[in-house]
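Coordinate inspection notes
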Amino acid sequence: MHIPDGFLSPPVWGALDVVSGSFLVFGLRQVGRHVEEKTIPLMGVLSAFVFAAQMVNLPIGGGVSGHFLGGALVGILLGPWSGLVIMSVVLVVQCFLFQDGGLAALGANIFNMGILGSFAAYWLARGLRGVMRRPRGQFWSGFLAAWITIVLSVLSCASFMSESQVVPWSFSFLVLGGAHVLLGLLEGVVTGTILMSLTKVRPDLLNRPKV
Amino acid sequence: MTHAWHDTYHHAKTPAHHLDPRSKLFVGFLFMGFVLLTPQLTLAKGTAYSGFLVVVGLLCRVPISLFIRRVGSLVPFILLMGLSAWLSHISKDHVMQILGKAFLSIGAMTVLAAVVPFPDMLRALQAVHVPRLFILFLAFLFRYGAVLGRETLKLERGWKARYFGQVWRNHWREIGHILSALLVRSYERAERVYAAMLARGFSLHGPAFHVLHFSYWDALLIGTSSAILLGIHWGRF
């Protein structure tokens, strides 16, 4: 889902750089204002956790594997603005050190995985937890929130590429959307399992103030 | 603060390695800007941009193997484009233009990452007034990404040694448990990191330390590169 440079037209990447940049600046201000100084290293180490967790390959079958993205998890754990900041940090480092995702397309990648990833997951999980009972509710709310978020993110990615006339909308909708409906299940199971494990091991981490 | 494990900085004794990181980042971003904003990347222009990149790469002694590894991230998109071009009316020329821009951009980023150490890049970002909080998070990720990455691989290796040949769903749940263990360890490590930072007198609003020196050589790099890139961009060939 890390869009490289060249796959988006200048108006699309330009507009998304402005939108995501504004969100990020506002997010940093929110984090700086509402988060205690003690939480700063915590968020920094959590971004390293997301970075490390993305290295674990999850078997899908037939020799194919995917990896965990983590946007939904950090959004649910720390809140949407913190999740956005953490995912942006991860995406910037991946872009600079691994050339995973383009520099001009950084705004699009932050929009898909940071803004949509954290905000949609946070609000979906919050809504779903209200109607589901614990402890299974923790798993299912995380599972559904992560799954829906992945599908939304990839549809957004497909819409940007079709707007840039790189691939036709119907094609990208079917190929990317179809593949990620299945890959999203993987993200959902892992996110739900992590949340359920935390309920048992460190429930205090789930009850931290969300920013 | 260097991590050979996830840092692609390639140490060499070349003039480029001694330049100010700001000037190197400026030239790198200028190159990508020119390439991506070129409406029609003709064969001649594409060759000229590639030539510029190859000369810079050779002068900086960037290994070609690094570039080849990095291009791997394009494979899923190349497949998508190929399938799309095969099934729809998208022309071969359009596909080549997109791939050409993607290759040039990845090449420029590879050269940048190879000649600018990550801590220097952070200093350059600080000098251009990127919010300090963001730079702190980037520094934390750089510092602890390698530590947690190694821990993750150890956990994964242990898991693979014990749980082989199981059904997918169980695989994923076990990985979920591994990652939750890693998450708890990360939290606990963050608490120790904060205590250590306080012991060293850290303050979020304290002064930051940065040593950057912009020399005549930097001005020469920017001037020459800008002239060459402008020549390629507006040249009639």
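Residues numbered from 1 in each chain as written. Chains lettered and ligands numbered in written order. Predicted model: local features only at pLDDT ≥ 70, side-chain atom pairs only at ≥ 80, totals over all residues.

If you tally the helices and strands in chain A, you get eight helices and two strands. The helix and strand sequence of chain A, counted from the amino end, reads α-α-β-β-α-α-α-α-α-α. Residues counted as buried form 58% of the 211 residues belonging to chain A. By sequence separation, contacts in chain A at least 24 residues apart represent 74% of the contacts at least 6 residues apart. (Helix = DSSP H or I, 4+ residues; strand = E, 2+ residues; numbered from the N terminus. Buried ≥ 20, exposed ≤ 12 C-beta atoms within 10 Å, placed from the backbone. Contact = placed C-beta atoms within 7 Å.)

Along the backbone of chain B there are nine helices and zero strands. Walking chain B from its N terminus toward its C terminus, one meets helices and strands in the order α-α-α-α-α-α-α-α-α. Looking at chain B as a whole, 32% of its 237 residues qualify as buried. Taking the intrachain contacts of chain B between residues at least 6 apart in sequence as the baseline, contacts between residues at least 24 apart amount to 87%.

This part covers the interface of chain B and chain A. In this complex, chain B contributes 62 residues to the contact, which on the side of chain A involves 57 residues. The set of elements that each furnish at least two residues to the side of chain B that touches chain A consists of α1 (21–37), α4 (75–87), α5 (92–115), α6 (118–127), α7 (132–162) and α8 (168–199) of chain B. In terms of residues, the side of chain B that touches chain A owes the most to one element, α8 of chain B, which gives 20 residues. Looking at the side of chain B that touches chain A residue by residue, the class counts come to 40 nonpolar, 15 polar and seven charged. (Nonpolar A, V, L, I, M, F, W, Y, C, P; charged D, E, K, R; others polar.)

Within the largest apolar cluster, 131 residues are counted, with the highest numbers of intra-cluster contacts made by F49 and V93 of chain A together with L141 of chain B. With 13 residues, helix α4 (residues 80–98) of chain A is the largest single contributor of residues to this core. Beyond its immediate stretch of four places on either side in the chain, F49 of chain A contacts L148, L182, L183 and S186 of chain B. (Core = buried A, V, L, I, M, F, W, Y, C linked by C-beta atoms within 7 Å.)

All names here are of chain B. Scored by pLDDT, chain B comes out at a mean of 78, with 86% of its residues at no less than 70. Between the elements of chain B, mean pLDDT differs from a low of 73, seen in α4, to a high of 89, seen in α1. Scoring of the predicted complex yields 0.84 for pTM and 0.82 for ipTM. (pLDDT = per-residue confidence, 0-100.)

Of all residues in chain A, 93% have pLDDT values of 70 or greater, and the mean over the chain is 82. Across chain A, helix α1 (residues 10–34) of chain A holds the top mean pLDDT of 90, while strand β1 (residues 57–61) of chain A sits lowest at 61.

Further remarks concern the packing of α4 of chain A against helix α5 (residues 106–131) of chain A. Residue and element names in this part refer to chain A. Two elements in contact, α4 and α5, have axes separated by 8 Å at closest approach and are oriented at 150°. Considering the angle they form, α4 stands roughly antiparallel to α5. Relative to α5, α4 is oriented so that their crossing is right-handed. Facing α4, whose interface residues are P80, G83, L84, M87, S88, L91, V92 and C95, α5 presents L106, N109, I110, M113, G114, I115, G117, S118, F119 and Y122. In terms of residue class, the contact of α4 with α5 is built from 12 nonpolar, six polar and no charged. (Axes fitted to C-alpha atoms, helices over the stretch in contact; angles between N-to-C directions. Parallel < 35°, antiparallel > 145°, perpendicular 65-115°, else oblique. Left-handed = near helix turned anticlockwise from the far one by under 90°.)

In this section: helix α3 (residues 71–78) of chain A. Residue and element names in this part refer to chain A. Of all eight residues that make up α3, eight are buried, and the element is covered over most of its length. Within α3, the full set of buried residues consists of G71, A72, L73, V74, G75, I76, L77 and L78. Against the buried residues of α3 lie α2 (39–53), α4, α5, α6 (136–163), α7 (169–201) and α8 (203–206). Just downstream of α3 lies G79, where phi reads positive at about 110°.

In terms of backbone geometry, most residues other than glycine have negative phi values and most peptide bonds are trans. All names here are of chain B. One non-glycine residue with positive phi stands out, namely R61, at about 55°. The residue R61 is located in the loop between α2 (43–59) and α3 (64–71) in this model. Note on R61: 15 C-beta atoms within 10 Å, which makes it partly exposed. In this model, H129 sits at a positive phi of 65°, which is unusual for a non-glycine residue. Inspection of the secondary structure puts H129 in the loop between α6 and α7. The exposed category is assigned to H129, around which 7 C-beta atoms lie within 10 Å.

Attention now goes to the environment of F137 of chain B. Residue and element names in this part refer to chain B. Here F137 is to be found in helix α7. Residue classification places F137 among the buried positions, given that 28 C-beta atoms sit within 10 Å. Through-space distance from the C-alpha of F137 to that of L183 is 17 Å; in sequence the pair is 46 residues apart.

In this section: the packing of α2 of chain A against α4 of chain A. Residues and elements named next belong to chain A. In the contact formed by α2 and α4, the axes pass within 9 Å of each other and the chain directions differ by 55°. One way to sum up the angle between α2 and α4 is to call them oblique. Once α2 is placed against α4, the crossing between them reads as right-handed. Residues M43, L46, S47, V50 and F51 of α2 form the contact with α4, whose own contacting residues are S82, I86, V89, V90 and V93. Residue classes in the contact of α2 with α4 are distributed as eight nonpolar, two polar and no charged.

All names here are of chain B. With respect to the element layout, E188 can be found in helix α8. For E188, a count of 12 C-beta atoms within 10 Å corresponds to the exposed category. Linking E188 and P21, residues 167 residues apart in sequence, is a C-alpha distance of 35 Å.

It is worth spelling out the environment of T110 of chain B at this point. In this structure, T110 of chain B sits in helix α5. Between the alpha carbons of T110 of chain B and K92 of chain B there is a distance of 27 Å; along the sequence they are 18 residues apart.

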